[in-house]
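Examining the three-dimensional arrangement
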Amino acid sequence: MESILSTLMSTSTSTISTTEALLYGIGASILGFVISLTYIKTGTVSKNFARTLIILPFLVCMVMLAVNGNFGTSLAVVGAFSLVRFRSLQGSSRDIGFIFFAMTIGIICAVGQMPLAVIVTAIICGIHFVLNGLGYGAKEAGEKDLRVTIPENLDYSDIFDDIFERFTLSHKQIAVRTTNMGSMYEINYRVRLINEENEKDFLDEIRMRNGNLTVVCGRCDMNEAEEL
């Protein structure tokens, strides 16, 4: 640790050539490509974000080298730069993790520690692939999100319990919110069906109970956005 810190401080007060800076930047970009591939192979993909992960380590490395007269200033500039994405778009915890991963590699490359950058990239990417292969933290197989709208005069606490007993292995109420200016409730459940072939019968029973209002059932988050 002390050797890395001394390297950081010495780099902040030394001047490197343009050729060296470009070599560090190219190395950072290559590792960014590896990070981007890991992002693509281990979860839900955003095309623009996958491309950004290739560019980000190069940009971070260049910023660090351009402000090498003051190491603290360079870190502050990089930190502010990395948060631009999250000012206008909600980022998932996975996206934030990859942002800091790419930033870390860019910083390590900027101080000339290319072997360390390669090792860190290999370790973190390996962890992502192992956890993805094991399905760590994933929803149970067969789980679905169910969203049901009911009139405000119905008691939502146990209105569908008998239907759930007949059609599901498990059910859990996740959230309740008012909609249509408070005249209706929207209830979100997490359910596992006993037999997915009976899904239509299950939804028909719910529609008969909620007055044929909106019912949505699917395998993914309704907003297609991971919770933080």
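Below is a short write-up of the structure. (Residues numbered from 1 in each chain as written. Predicted model: local features only at pLDDT ≥ 70, side-chain atom pairs only at ≥ 80, totals over all residues. Heavy atoms only, no water.)

Mapped onto the elements, Glu-143 comes out in strand E1 (residues 143–151). The charged side chain of Glu-143 is buried without a salt bridge, its nearest counter-charge being Arg-190 at 4.2 Å. (Helix = DSSP H or I, 4+ residues; strand = E, 2+ residues; numbered from the N terminus. Buried < 20%, exposed > 50% of the residue type's maximum accessible area, 1.4 Å probe, protein only. Lys, Arg positive; Asp, Glu negative; His and termini not counted. Salt bridge = Lys/Arg side-chain N within 4 Å of Asp/Glu carboxyl O.)

It is worth spelling out helix H2 (residues 18–41) at this point. Residues lying three or four places apart along an α-helix face the same way, a consequence of the helix completing one turn every 3.6 residues. With 24 residues, H2 extends 35 Å from end C-alpha to end C-alpha; this agrees with the ideal 34 Å at 1.5 Å per step. Where H2 is buried, its residues meet helix H3 (47–66), helix H6 (93–110) and helix H7 (114–134). (Expected span 1.5 Å × (residues − 1). Contact = heavy atoms within 4.5 Å.)

Bringing the pairing of strand E2 (residues 168–179) into the picture now. Across 10 bridges, E2 lies against strand E3 (residues 184–193) in antiparallel orientation. Residue pairing for E3: Gln-173 is matched across the bridge by Tyr-189. Joining the antiparallel neighbours E2 and E3 is a turn of four residues, in which Asn-180 adopts a positive phi near 55°. (Pairing = 2+ DSSP bridges.)

Below, the discussion takes up the packing of H6 against H7. Angle between the axes and distance between the axes are the two parameters that describe a pair of packed helices. Direction vectors running N to C along H6 and H7 enclose 165°, while the axes themselves pass 8 Å from each other. As judged from the angle between their axes, H6 and H7 are roughly antiparallel. The two elements H6 and H7 cross, and the hand of that crossing is left-handed. Contacts between H6 and H7 involve Phe-98, Phe-101, Ile-105, Ile-108 and Cys-109 from the former and Met-114, Leu-116, Ala-117, Val-120, Thr-121, Ile-124, Cys-125 and His-128 from the latter. Residues of the contact of H6 with H7, tallied by class, amount to 11 nonpolar, two polar and no charged. (Axes fitted to C-alpha atoms, helices over the stretch in contact; angles between N-to-C directions. Parallel < 35°, antiparallel > 145°, perpendicular 65-115°, else oblique. Left-handed = near helix turned anticlockwise from the far one by under 90°. Nonpolar A, V, L, I, M, F, W, Y, C, P; charged D, E, K, R; others polar.)

Moving on, we get to the pattern of salt bridges. According to the stated counting rule, one finds eight salt bridges in the structure shown. Arg-177 is paired through a salt bridge with Glu-186; the nearest N and O atoms lie 2.9 Å apart. Because the salt bridges share partners, they merge into one network encompassing Lys-144, Glu-196 and Glu-199.

This part covers the packing of aromatic side chains. One pass over the structure, following the stated rule, counts nine aromatic pairs. Here the aromatic rings of Tyr-39 and Phe-98 are separated by 5.4 Å at their centres, their planes lie at 80°, and the arrangement is edge-to-face. Residue Tyr-39 is located in helix H2, and its partner Phe-98 is located in helix H6; the two are separated by 59 residues in the primary sequence. For Tyr-39, a relative accessible area of 1% puts it in the buried group. With 6.3 Å between their ring centres and 80° between their planes, Phe-160 and Tyr-189 make a pair best called edge-to-face. Taken as a pair, Phe-160 in the loop between E1 and helix H8 (161–167) and Tyr-189 in strand E3 lie far apart in primary sequence, 29 residues in all. For the residue pair Phe-160 and Tyr-189, the accessibility class agrees, reading buried in each case. Clustering of aromatic rings is evident, with ring pairs tying together Phe-160, Phe-164, Phe-167, Tyr-189 and Phe-202. (Phe/Tyr/Trp six-rings, centres within 6.5 Å; stacked < 30°, edge-to-face > 60°.)

Phi is positive for Asn-180, close to 55°, though the residue is something other than glycine. Inspection of the secondary structure puts Asn-180 in the loop between E2 and E3. The backbone of Met-181 sits at a positive phi, close to 60°, despite the residue not being glycine. Position of Met-181 relative to the elements: it lies in the loop between E2 and E3. A residue is classified by how much of its surface remains accessible, and Met-181, at 88% relative accessible area, is exposed.

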